[in-house]
Amino acid sequence: MKNIIAAFDGLKYAESTEQYAINIAKQTNTHLVGVFLDDATYNSFKINEVVEGDGFTINKINKLEEKDKATRYEASANFTKACEHAKLEFSVHHDHKIALQDLKQETVYADLVMIGANETLTHYEEKAPTRFIRDLLADTQCPVIVVPHKFKTIEKIILLYDGEPTSVYAMKMFSYLLPQLKYLDTEVISVKHLDEDSHLHNNKLMKEFMKRHYPKAKYTIMKGWAEEEIVSHLKLQEENTLIILGAYRRGAVSRWFRESMADILMRNLKLPLFIAHNK
Amino acid sequence: MKKVLLAFDEKNFSEGAFQFAQKLNELQPILLTGVFLPSSVFSNMWTYPDANAGIFAPMIDEDDTEMMEKNILQFEKRCQSNGIDYRVHKGFTDYALSDLEKECIYADLLIIGTEIFFENLGTQSPNSYLEDALHNIKCAAVLVPEKFDFPESIVLAYDGSDNSVFAIKQFAYLFPELCNKEVLLVYASEDEEADFPDKIEMEELAARHFSNLTLFKLEINPTKFFSTWISDKKSTLLVSGSYKRSGLSQLFKKSFIKDVIAQHELPIFVTHS
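Residues numbered from 1 in each chain as written. Chains lettered and ligands numbered in written order. Predicted model: local features only at pLDDT ≥ 70, side-chain atom pairs only at ≥ 80, totals over all residues.

1. Some points on the overall build of chain A
Across its full length, chain A carries 9 helices and 12 strands. A compact globule built from 279 residues should have a C-alpha radius of gyration of about 19 Å, and chain A, at 20 Å, falls within 12% of that. Referenced to the eigenvectors of the C-alpha coordinate spread, the extents of chain A come out at roughly 75 × 45 × 30 Å. Across chain A, contacts joining residues at least 24 apart in sequence account for 82% of those joining residues at least 6 apart. (Helix = DSSP H or I, 4+ residues; strand = E, 2+ residues; numbered from the N terminus. Rg over C-alpha atoms; globule rule 2.2 N^0.38 Å. Contact = placed C-beta atoms within 7 Å.)

2. Some details on the overall build of chain B
If you tally the helices and strands in chain B, you get 9 helices and 10 strands. Within the span of chain B, comprising 273 residues, buried residues form 47% of the whole. (Buried ≥ 20, exposed ≤ 12 C-beta atoms within 10 Å, placed from the backbone.)

3. With respect to the interface of chain A and chain B
With 21 residues of chain A at the contact, the number on the chain B side is 25 residues. At the level of secondary structure, the elements contributing two or more residues to the side of chain A that touches chain B comprise strand 1 (2-8), helix 5 (165-177) and helix 6 (203-213) of chain A.

4. Regarding the sheet that holds strand 7 (residues 144-147) of chain A
To summarise the sheet geometry, strands pair through backbone hydrogen bonds and adopt either a parallel or an antiparallel arrangement. Residues and elements named next belong to chain A. Read from one edge of the open sheet, 10 strands run 5-2-1-6-7-12-11-8-9-10, paired in mixed fashion. Single-partner strands in this sheet number two, and they are strand 5 (89-95) and strand 10 (218-223). The mean inter-strand angle of the sheet, taken between neighbouring strand axes irrespective of direction, is 20 degrees. In this structure, strand 2 (residues 30-37) lies alongside strand 5, joined through 7 bridges in parallel fashion. Among the inter-strand pairings, Val35 is bridged to a residue of strand 5, identified as His93. In this fold helix 3 (residues 99-108) packs onto strand 1, strand 2, strand 5 and strand 6 (112-116), with an angle of close to 165 degrees to the strand it touches most, strand 2. (Pairing = 2+ DSSP bridges. Axes fitted to C-alpha atoms, helices over the stretch in contact; angles between N-to-C directions.)

5. Overview of the sheet that holds strand 8 (residues 213-217) of chain B
Residues and elements named next belong to chain B. Within the open sheet, the 10 strands sit side by side as 3-2-1-4-5-10-9-6-7-8. Their pairing is mixed. Two strands in the sheet have a free side with no partner beyond their single neighbour: strand 3 (85-89) and strand 8. Going from strand to strand, the sheet's axes swing by 25 degrees on average, the running direction of each strand aside. Sheet topology note: the strand 5 (residues 140-144)/strand 10 (residues 268-271) ladder contains 3 bridges and is antiparallel. For Ala141, the partnering residue across the bridge sits in strand 10 and is Val270.

6. Comments concerning unusual backbone geometry
All names here are of chain A. Along the chain, Ala128 connects to Pro129 via a cis peptide bond; the corresponding omega equals -5 degrees. Turning to its location among the elements, Pro129 is positioned in the loop between strand 6 and helix 4 (131-139). A positive phi angle is found at Leu121, which is not glycine, with a value near 55 degrees. Inspection of the secondary structure assignment puts Leu121 in the loop between strand 6 and helix 4. In this structure, Asn202 is a non-glycine residue whose phi angle is positive, near 45 degrees. Within the secondary structure, Asn202 is located in the loop between strand 9 (185-192) and helix 6.

7. Description of the environment of His96(A)
All names here are of chain A. Here His96 lies in the loop between strand 5 and helix 3. A tally of 12 C-beta atoms within 10 Å means that His96 is categorised as exposed. Distance from His96 to Glu106, taken between C-alpha atoms, is 13 Å for residues 10 residues apart in sequence. Excluding residues that lie within four positions of it along the chain, His96 makes contacts with Asp38 and Ala40.

8. Things to note about the nonpolar core
Ile244(A) and Ile111(B) are the most contacted members of the largest nonpolar core, which has 156 residues in total. Of the residues forming this core, the biggest block, 8 residues, is contributed by helix 5 of chain A. Beyond its immediate chain neighbours, meaning those up to four positions away, Ile244(A) contacts Ile157(A), Ile158(A), Leu159(A), Leu160(A), Ala170(A), Met171(A), Phe174(A) and Phe274(A). (Core = buried A, V, L, I, M, F, W, Y, C linked by C-beta atoms within 7 Å.)

9. Considerations on the confidence of the model for chain B
Residues and elements named next belong to chain B. In this model, chain B carries an average pLDDT of 79, and 76% of its residues clear a pLDDT of 70 or more. Confidence, expressed as mean pLDDT per element, reaches its minimum in chain B at helix 8 (residues 247-252) with 48 and its maximum at helix 1 (residues 15-27) with 93. When the criterion is pLDDT under 50, residues 41-57 qualifies, and its contacts beyond four places in sequence or with other chains add up to 22 contacts. Scoring the predicted complex yields pTM 0.88 and, for the interface, ipTM 0.85. (pLDDT = per-residue confidence, 0-100.)

10. Here we look at helix 2 (residues 58-85) of chain A
Between its terminal C-alpha atoms helix 2 of chain A stretches 40 Å, which fits the 40 Å expected from 28 residues at 1.5 Å a residue. Positive backbone phi, approximately 55 degrees, marks Lys87(A), located one or two places after helix 2 of chain A. (Expected span 1.5 Å × (residues − 1).)

11. Structural notes on the pairing of strand 9 (residues 236-241) of chain B
Residues and elements named next belong to chain B. Within strand 9, 6 of the 6 residues are buried, which leaves it mostly tucked inside the rest of the structure. Across the two faces of strand 9 the burial is the same, with Thr236, Leu238 and Ser240 and Leu237, Val239 and Gly241 all buried. In the sheet, strand 6 (residues 153-158) pairs with strand 9 via 4 bridges, with the strands oriented parallel. Bridging across to strand 9, Ile154 finds its partner in Leu237. As paired strands, strand 9 and strand 10 are joined by 4 bridges and run parallel to one another. Within strand 10, the position partnered with Leu238 by the bridge is Ile268.

12. Quick word on the packing of helix 3 of chain A against helix 4 of chain A
Residue and element names in this part refer to chain A. The interhelical angle for the contact between helix 3 and helix 4, taken along N-to-C directions, is 35 degrees, at an axis separation of 10 Å. Read as a crossing pair, helix 3 and helix 4 show a hand that is right-handed. In contact with Leu100, Leu103 and Lys104 of helix 3, helix 4 contributes Phe132, Asp135, Leu136 and Asp139. Partitioning the contact of helix 3 with helix 4 into residue classes produces 4 nonpolar, no polar and 3 charged. (Left-handed = near helix turned anticlockwise from the far one by under 90°. Nonpolar A, V, L, I, M, F, W, Y, C, P; charged D, E, K, R; others polar.)

13. Let's talk about the environment of Gly116(A)
All names here are of chain A. Here Gly116 lies in strand 6. On a C-alpha basis, the gap between Gly116 and Glu228 in space is 25 Å, while along the polypeptide they are 112 residues apart. Among residues more than four places away in sequence, those in contact with Gly116 are Ala14, Ser16, Thr17 and Val147.

In C-alpha cells, the structure reads:
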C-alpha cells in the first residue's frame with residue numbers, strides 16, 4: 001500500500017488537486033494523506049485591513065483570524081467528505097509551521113506528493129512555475145505530481161527520455177509507484193541533435209529495460225532543440241495526458257544558466273507532470 | 001517484471017548471488033542480465049584514484065578469457081535449467097566500472113556476490129573495487145555472501161536520515177513479495193539517549209508497506225556493535241541506506257555497514273538517493 005500526499009493551501013483550496021488525488025488513489029492501493037499547510041505566518045488578510053481608526057485593533061485581527069480558521073476548517077472538511085464519498089483510506093495532517101519546511105519533512109515519509117501547479121502559499125498570485133513549487137521540487141525526497149487547475153482523467157502517459165540517469169529514474173519510480181497507470185497508452189519522446197543519429201540513447205539497454213516496465217510503449221524521436229521540439233509536440237496533446245520526466249537534479253545555479261525542462265513545461269502547458277530526481 | 005543485473009568478474013562465478021537471483025525469480029519472474037566484467041581493465045589502473053589498485057593490476061592472459069567463457073556458459077546453462085529469462089552482456093573493453101554504472105541506470109536491481117567479487121584484487125573486505133562500485137551505481141543493490149539462507153525476515157536500519165528512509169521505500173517498491181514477512185525497524189544512533197526520530201511519521205509510512213512490523217530501539221553504539229548484534233540474526237536481509245557520503249566523509253565516519261559486509265553472513269540491500 002502506498003502513502004500518497006495531497007498538499008493543500010487551506011485558504012485557497014485547490015479542487016483539482018483533490019480530484020486528481022482521489023482519482024489516482026481509487027485506481028491504486030493507496031492511503032491518501034491530506035496535508036493542509038496551515039502556515040502560522042500566512043493568513044488571508046492584508047495589513048491595511050486590520051487598521052481601524054487610529055491603529056490596529058486586537059478585535060479586528062481576532063475576527064479575521066477566526067474567519068481564516070473557519071476557511072481552513074472548511075477546506076479539510078471538504079477533503080474528508082470527498083474521501084469518505086470515494087470510500088478511501090485516508091488521514092488529514094494540519095501543519096502549522098513554515099509551509100515549505102513542513103511539506104519537505106512530509107515528503108521524506110511519503111511515496112508521492114500531489115500539489116497544484118499554482119500554489120504559492122502567499123497572498124499573491126504567481127504564474128507557474130511558482131516559487132513555492134520550484135523550492136519544493138528542488139528539495140523533495142519523493143516524486144511529485146504537479147497538477148493543473150482543471151481536472152481531466154488521465155488516459156495517456158508520455159515519458160521524456162534524454163539518456164540521462166534521472167530520466168530513467170523517473171520512469172522506474174512511476175512504474176513502482178503507479179503500476180496501474182502504466183498500462184495506459186504510452187509514448188516515449190526523445191529529442192536528438194541534428195547531427196546525431198536517430199536511435200535512442202543507449203538503445204539496446206533502454207529497450208531491454210522498457211520491455212519489462214512499459215511493454216506497449218511507442219517511441220517518437222525528434223530532431224532539433226529539446227526545449228522547442230518537446231513543447232510544440234506536447235502542445236498537440238489532449239489535456240488527459242500525464243508527462244513523466246526527471247528534472248531538478250541540478251542545483252539552483254546551474255538552473256539559472258539553463259532552465260529546467262520542468263519549469264518550461266509548467267509555464268507553457270496545462271498538463272499534469274510527474275517529476276522525480278535522484279541526487 | 002523486474003530487470004536484475006548479476007555482476008561477475010571474469011574469474012569467479014558467485015554461487016550465492018546466482019541462488020539469490022533464482023529465488024527472486026521463483027517469487028516473481030525476472031529478466032536476469034549477467035554482466036561479465038574483465039579484470040583486464042585494471043591494466044589501466046595507474047590512472048585510478050586509489051594507490052592500492054596499481055599493485056594488483058593483473059595482466060591480460062588467455063586463461064582469464066577461457067575462464068570467462070566457462071562462467072558465461074555455466075550462467076546460461078543454470079538460467080535455462082531454472083527457467084529464468086536471461087541475457088549476457090560482455091565484451092567491455094576499457095573502463096569496466098563506468099560500464100557497470102551504465103548498466104545499472106537501466107536496471108532495477110544489481111546483485112553482487114561480495115565474498116568473491118574481484119577477490120584477487122585486494123585482501124581487505126569489502127575491497128576498494130566493490131566500494132567504488134557501490135558508491136557510484138544508480139540503482140539498488142543486494143550484496144550476497146556465498147552461504148546464506150533466503151530471508152524469512154527483514155531488518156530495516158533507520159538512523160533518522162533521509163537516506164535511510166529512502167532505502168526503506170526503495171526496498172518496499174522493489175520487493176513487494178517480501179513485505180509481508182516479519183519486519184523489524186531498528187533505530188540505532190551513536191547518541192544512546194537519543195529518541196526515535198520522527199517516530200509517528202516513520203511508523204505511518206512503514207505500516208503502509210509492511211504488514212508485520214515491529215519498531216525497535218537498539219541501545220548500543222551502531223558503529224561498534226551493530227555488526228555483532230545483526231550477526232545473531234539468521235535468515236535475515238538487512239536494508240540500509242549507505243554509501244552516499246563521499247570518500248573523504250567515509251574516511252572520518254566509517255559506514256557501519258562495512259563490518260556487516262565483511263562478516264559475510266547476511267544478504268544486504270543497499271541504495272542511496
